[in-house]
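# Understanding the architecture of this molecule
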Amino acid sequence: WEVNCDAIPAVSVDNHSTKENVRIYPVPAINRLTVVSDYNMFDISIYSVSGILLFQSKINNQDVFDINMMEFQSGLYLIKIETEGVRLIEKIIVK
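Residues numbered from 1 in each chain as written. Predicted model: local features only at pLDDT ≥ 70, side-chain atom pairs only at ≥ 80, totals over all residues. Heavy atoms only, no water.

### Notes on the side chain of K80
In this fold, K80 is placed in strand β5 (residues 75–83). For K80, a relative accessible area of 8% gives the class buried. Here the side chain of K80 touches E82 through a polar contact of 3.3 Å, side chain to side chain. (Helix = DSSP H or I, 4+ residues; strand = E, 2+ residues; numbered from the N terminus. Buried < 20%, exposed > 50% of the residue type's maximum accessible area, 1.4 Å probe, protein only. Polar contact = N/O pair within 3.5 Å; in protein donor to acceptor, adjacent residues only side chain to side chain.)

### Description of the confidence of the model for the protein chain
The predicted model of the protein chain averages 84 in pLDDT, with 80% of residues at 70 or higher. Within the protein chain, the lowest mean pLDDT, 40, falls on strand β1 (residues 12–13), and the highest, 95, falls on β5. Taken together, the stretch residues 1–5 has pLDDT below 50 and engages in five contacts with residues farther than four places along the chain or on a different chain. Note that pLDDT drops below 50 for residues 7–17; the model gives that stretch 25 contacts with residues more than four away or on any other chain. (pLDDT = per-residue confidence, 0-100. Contact = heavy atoms within 4.5 Å.)

### Side note on the packing of aromatic side chains
Summed over the entire model, instances satisfying the criterion amount to one aromatic pair. The interplanar angle of 90° and the centroid separation of 5.3 Å between the aromatic rings of F72 and Y77 together place this pair among those described as edge-to-face. Pair check on accessibility: F72 and Y77 agree, each one buried. (Phe/Tyr/Trp six-rings, centres within 6.5 Å; stacked < 30°, edge-to-face > 60°.)

Written out as structure tokens, the structure is:
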């Protein structure tokens, strides 16, 4: 199979922080996924590996966010997290 990364924005990290400022757990996820950031989060999106947007939530300056993963099939996904200090994309696994 092929992954089309053109549909997914590039990973970027600014000069003031690194991806260590954002934690995602548990991986693999079963029922829920928690995202914790040292900065306030504004947006979280989950994409299939083929670049299809499956979940998006605009967040009002939270530093912890839980995502219900019950409706996701087992497999590999990409999560995009935007905060005031970091914009990154990470791989997540749903069991």
